[in-house]
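In case you want the letters, here they are:
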Amino acid sequence: MVAQAAAPPPPPSTVEATLFDGEAFRIGTSMLRQPSPGKVRRQRVALVGVAVVAVISGYLWALVAAAGALLVFIVAVVPVVFLVVGKRLSSAGAGLVIPAAMRSVDVKYGAIRAELLKSIHGRVLDVGAGGGAYLKYAFASSAVTDIVALEPNVACHSALHATVAELRRGEGFGRGLSAPPVGLGLAAASTTRDTANRGPTVEIVSEFIEDHLKRVGPGCYDWAILGNVLCEVPDQVSVLTALDGLLKPGGRIYFCEHVRVEPGTFIGWLQDFVNPWWCVLSDGCNCNRDSVATMCKVTPWTVKPWTFNEAGLPWIPRFVLGMAVKPK
């Protein structure tokens, strides 16, 4: 098994076919749904603002003192406040923010996700399901028999139940996309399946993946979905090892992760600087992990990533989407 590089050159602007695991995937940056010009301007202003503050602080010691006090407050006081009020508050906040954030990412990358998930089938494990942004892709395939939505944060479960109910009514398939994804038959799925029993069975489980493996045993799943999960887990190696155990031989893994940029760059420094308080405010999200490189290193999977330098925050500038397959 040969693992591909974690950060290859970005996909071409035109859609080109790539053969992986005996299947052709047509991926290109032209498939991205771009944000509004206003949002782009705000992102650029924020990034330029951070850069200007850094330069001025480096030359003017008077500003360093003032900026230092502010940075101490942001980096030290804000996390302490959250730790004092308890993990429950940040988890509750994440229960509100994470589903919305996942929907926002789905708007941008929906067409690419649809292409990568076009052959999803059998028993599917959605790891860190959040608000259920990926459920529509599984519901759209008649080849999916059942889904286990693994989400330890119970604050996300109400959004998960709402998503499942919406999909069973035949609604919500096109949310976040300019049109139903080609190849998944979303429009057909919303009209041809039996209304009283629409789609696969769904089990929502509040359980960590290591505990799930102990409970259900190895080799249970044909597919797994890793949608912005490896940035949050305490131990990536443990999670990836457990997931490998849960998959059947030849099982496929879809992944979408934001990753750190090259070391020695301003953005790389910014990711390391922001991460301590960002991790607390986001209930565990780390913005400076090279998660796909870790995946290539610690699993026996063959991995095919596509890298996109398109994201919404200055410290989360790069997304990697792709497929992996467990050896047969």
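These numbers were taken from a predicted model, which means no experiment stands behind them.

Peer 1: So what about the sheet that holds strand E8 (residues 302–308)? Which residues, and what values?
Peer 2: Taking strand neighbours across the sheet as the criterion, the seven strands line up as E5-E4-E3-E6-E7-E9-E8 in an open arrangement whose pairing is mixed. Single-partner strands in this sheet number two, and they are strand E5 (201–205) and E8. Each adjacent strand pair in this sheet contributes to an overall mean axis angle of 15 degrees, direction not counted. By the bridge criterion, seven bridges tie strand E7 (residues 247–258) to strand E9 (residues 319–325) in an arrangement that is antiparallel. Considered in E9, the bridge of Ile253 is made with Ala324. Relative to the sheet, helix H8 (residues 236–246) contacts strand E3 (122–127), strand E6 (221–227) and E7, its axis offset from that of E7 by approximately 145 degrees. Lying over the sheet, helix H10 (residues 291–298) contacts E6, E7, E8 and E9, oriented at roughly 160 degrees with respect to E7.

Peer 1: Go over the nonpolar core, please, and point to the residues and values.
Peer 2: Within the largest apolar cluster, 46 residues are counted, with the highest numbers of intra-cluster contacts made by Ile112, Leu116, Tyr254 and Leu321. Val127, Leu247, Val292 and Trp301 belong to the second-largest nonpolar core, a separate cluster that totals 29 residues.

Peer 1: How would you sum up the packing of H8 against H10? Please name residues and give values.
Peer 2: As a packed pair, H8 and H10 sit with axes 10 Å apart at the nearest point and diverge in direction by 55 degrees. Classified by the angle their axes make, H8 and H10 are oblique. Of the two elements, H8 crosses H10, and the hand of that crossing is right-handed. For the pair H8 and H10, the contacting residues are Gln236, Val237 and Leu240 in the first and Ser291, Thr294, Met295 and Val298 in the second. Considering only residue class, the contact of H8 with H10 consists of four nonpolar, three polar and no charged.

Peer 1: I'd like to hear about the side chain of Asp244, residue by residue, with values.
Peer 2: Take Asp244: it is sitting in helix H8. In this structure Asp244 is buried but unpaired, with Lys326 as the nearest side chain of opposite charge at 4.3 Å. Other than its neighbours up to four places away in sequence, Asp244 contacts Pro300, Trp301 and Lys326.

Peer 1: Outline the packing of helix H7 (residues 209–216) against H8, listing residues and values.
Peer 2: It is the contact of H7 with H8, at a shortest axis distance of 8 Å, that shows an interaxial angle of 25 degrees. It follows that H7 is roughly parallel to H8 by the angle criterion. Two packed elements cross with a definite hand, and for H7 against H8 that hand is left-handed. Taken together, the residues of H8 that come into contact with H7 (itself represented by Ile209, Glu210, His212, Leu213 and Val216) are Ser238, Val239, Ala242, Leu243, Gly245 and Leu246.

Peer 1: Hey, could you go over the packing of aromatic side chains for me, with residue numbers and the actual values?
Peer 2: Scanning the model with the defined rule gives eight aromatic pairs in all. Arranged with centres 5.3 Å apart and planes meeting at 35 degrees, the rings of Tyr109 and Phe319 form a pair that is tilted. Of this pair, Tyr109 sits in helix H3 (residues 87–116) while Phe319 sits in strand E9, and the two are 210 residues apart along the sequence. For the pair Tyr109 and Phe319, a shared accessibility class is recorded, and that class is buried.

Peer 1: Break down H10 for me, citing the residues and quoting the values.
Peer 2: Considered for burial, the residues of H10 that qualify are Ser291, Val292, Thr294, Met295 and Cys296. Lining the buried residues of H10 we find E6, H8, E7, E8 and E9.

Peer 1: Kindly report on the pairing of strand E2 (residues 23–27), identifying the contributing residues and their values.
Peer 2: The side-chain alternation of E2 yields one buried face, formed by Glu23, Phe25 and Ile27, and one unburied face, formed by Ala24 and Arg26. Bridging between strand E1 (residues 16–20) and E2 involves five bridges; their strand directions are antiparallel. Bridging across to E2, Leu19 finds its partner in Ala24. Adjacent in sequence and paired antiparallel, E1 and E2 are bridged by two residues, among which Asp21 carries a positive phi angle near 55 degrees.

Peer 1: Summarise the pairing of E3; cite the residues concerned and give the values.
Peer 2: Here E3 lies mainly inside the structure; five of its six residues are buried. Sheet topology note: the E3/strand E4 (residues 144–150) ladder contains six bridges and is parallel. Counterpart to Gly122 in the pairing with E4 is Val144. Bridging between E3 and E6 involves four bridges; their strand directions are parallel. The partner of Val127 across the bridge, within E6, is Leu226.

Peer 1: An account of unusual backbone geometry is needed here, citing residue identities and associated values.
Peer 2: Generally, phi is negative for residues other than glycine and the peptide bonds are trans, each holding for most cases. Of note in the backbone geometry, Asp21 takes a positive phi value of approximately 55 degrees without being a glycine. Checked against the element boundaries, Asp21 lands in the loop between E1 and E2. Under the relative-accessibility criterion, Asp21 is labelled partly exposed at 34%.

Peer 1: Account for the confidence of the model for the chain, with residues named and values stated.
Peer 2: Confidence in the prediction for the chain averages 78 pLDDT; 66% of positions are at 70 or higher. Contacts for the low-pLDDT stretch residues 1–6, under 50 throughout, to residues beyond four places or in other chains number 19 contacts. Here residues 175–196 is a poorly scored stretch, pLDDT under 50, and it has 46 contacts once near neighbours within four places are set aside; other chains count.

Cut-offs applied
Residues numbered from 1 in each chain as written. Predicted model: local features only at pLDDT ≥ 70, side-chain atom pairs only at ≥ 80, totals over all residues. Heavy atoms only, no water. Pairing = 2+ DSSP bridges. Helix = DSSP H or I, 4+ residues; strand = E, 2+ residues; numbered from the N terminus. Axes fitted to C-alpha atoms, helices over the stretch in contact; angles between N-to-C directions. Contact = heavy atoms within 4.5 Å. Core = buried A, V, L, I, M, F, W, Y, C linked by side-chain atoms within 4.5 Å. Buried < 20%, exposed > 50% of the residue type's maximum accessible area, 1.4 Å probe, protein only. Parallel < 35°, antiparallel > 145°, perpendicular 65-115°, else oblique. Left-handed = near helix turned anticlockwise from the far one by under 90°. Nonpolar A, V, L, I, M, F, W, Y, C, P; charged D, E, K, R; others polar. Lys, Arg positive; Asp, Glu negative; His and termini not counted. Salt bridge = Lys/Arg side-chain N within 4 Å of Asp/Glu carboxyl O. Phe/Tyr/Trp six-rings, centres within 6.5 Å; stacked < 30°, edge-to-face > 60°. pLDDT = per-residue confidence, 0-100.

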